[in-house]
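# Examining the three-dimensional arrangement
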Amino acid sequence: MKIQVQSAPFNVGDETNAFTDTHKNVGAVVTFTGIVRDDDCGSLDAMEIEHYPAMTHKAISQHAQTAQDRWNLADVLVIHRYGKLVPGDVIMMVATAARHRADAFQAAEFLMDYLKSRAPFWKKEWIDGTPRWVEAKQLDEDALARWD
Amino acid sequence: MIELVYFAWVRERIGAASEPYDGSAATVRDLVNELRAREPRYDLVFSDLTSLRVAIDQELVDFDAPLTNAKEVAFFPPMTGG
């Protein structure tokens, strides 16, 4: 399991290749990449991500462990950035490795649903120079609830 | 002594990232009520607890959780990661 919380950019391809190369006995690697999306009008200047340093790594590790207990996984990788990002920047990635794809897909989706609403990150959007905290969505809560 | 820490708009509206608490509140809810009585900025931030989350020593808890042995209590809005 590798969990990284960092402000620096990272290369999704390099990380995916390194993660895949570590596991010779898996049949499936699933990756998800989260990217800063511009709003419809193209007016998003930046997105600032705040986190709770003392809690973030620990909380993500606990949930990665839950995923490993629940599905038959060989490994889990989570990289999540914080700080100021602009549209098109990679925010985060999740990768799961398993013998079979169903485990890899489901665990990746579970981890994403968790990261959306339980990992201690908060997004602030800057639109036309004005800051606004992104509000949590009920949709994301519902997505998480289906794993109960 | 408990360290209170705040994130996102909670931090901005209270005007501090952290502060020490030296009182005798037994639960998070008691602590919140004490803060609300202290100053209007706290009263405003804690007026709707359904829009807030709380963690004791980096573990999410509910507002009725006891503060026994707590070292750090964090208040923040629902998370928006991913």
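Relevant structure appears above.
All figures in this text were calculated on a predicted structure; none of them were measured in a lab.

To continue, consider the sheet that holds strand β2 (residues 18-21) of chain B. Residue and element names in this part refer to chain B. The five strands are arranged β2-β1-β5-β3-β4 in an open sheet whose pairing can be described as mixed. Each edge of the sheet is formed by a strand with only one pairing partner; in this case those strands are β2 and β4 (59-61). Strand-to-strand twist across the sheet, computed as the mean angle between neighbouring axes with direction ignored, equals 30°. Where strand β1 (residues 2-6) and β2 come together, four bridges link them in antiparallel fashion. Following the sheet pairing, Glu3 is matched in β2 by Pro20.

A word on the packing of aromatic side chains. Aromatic ring pairs are described here by two measures, namely the spacing of the ring centres and the angle between the planes. Using the criterion set out here, one finds 11 aromatic pairs over all chains in the structure. Consider the rings of Phe46(B) and Phe75(B), whose centres lie 4.9 Å apart with planes at 75°: the pair is edge-to-face. With Phe46(B) in the loop between α3 (40-45) and β3 (53-56) and Phe75(B) in strand β5 (residues 72-76), this residue pair connects regions lying 29 residues apart in the sequence. Here Phe46(B) falls in the buried class, since its relative accessible area comes to 1%. One aromatic cluster is present, formed by Tyr52(A), Trp122(A), Phe7(B) and Phe76(B) through successive ring pairs.

Turning our attention to the interface of chain B and chain A. Counting residues at the interface gives 20 residues for chain B, matched by 26 residues for chain A. A per-residue breakdown of the area chain B buries against chain A is headed by Met79(B), Thr80(B) and Gly82(B), which together make up 37% of the total. The residue Glu12(B) makes a salt bridge to Lys124(A) at a minimum N-O spacing of 2.6 Å. Here chain B is connected to chain A by 14 residue pairs in polar contact (both at pLDDT 80 or more). The set of elements that each furnish at least two residues to the side of chain B that touches chain A consists of α1 (8-14), β4 and β5 of chain B. If one sorts the elements of the side of chain B that touches chain A by residue count, α1(B) sits on top with four residues. Looking at the side of chain B that touches chain A residue by residue, the classes come out as 11 nonpolar, four polar and five charged.

Conventions and cut-offs
- Residues numbered from 1 in each chain as written.
- Chains lettered and ligands numbered in written order.
- Predicted model: local features only at pLDDT ≥ 70, side-chain atom pairs only at ≥ 80, totals over all residues.
- Heavy atoms only, no water.
- Pairing = 2+ DSSP bridges.
- Helix = DSSP H or I, 4+ residues; strand = E, 2+ residues; numbered from the N terminus.
- Axes fitted to C-alpha atoms, helices over the stretch in contact; angles between N-to-C directions.
- Phe/Tyr/Trp six-rings, centres within 6.5 Å; stacked < 30°, edge-to-face > 60°.
- Buried < 20%, exposed > 50% of the residue type's maximum accessible area, 1.4 Å probe, protein only.
- Contact = heavy atoms within 4.5 Å.
- Buried area = accessible area lost by both parts, 1.4 Å probe.
- Salt bridge = Lys/Arg side-chain N within 4 Å of Asp/Glu carboxyl O.
- Polar contact = N/O pair within 3.5 Å; in protein donor to acceptor, adjacent residues only side chain to side chain.
- Nonpolar A, V, L, I, M, F, W, Y, C, P; charged D, E, K, R; others polar.

Spatial relationships are all this shows, so hold off on functional conclusions.
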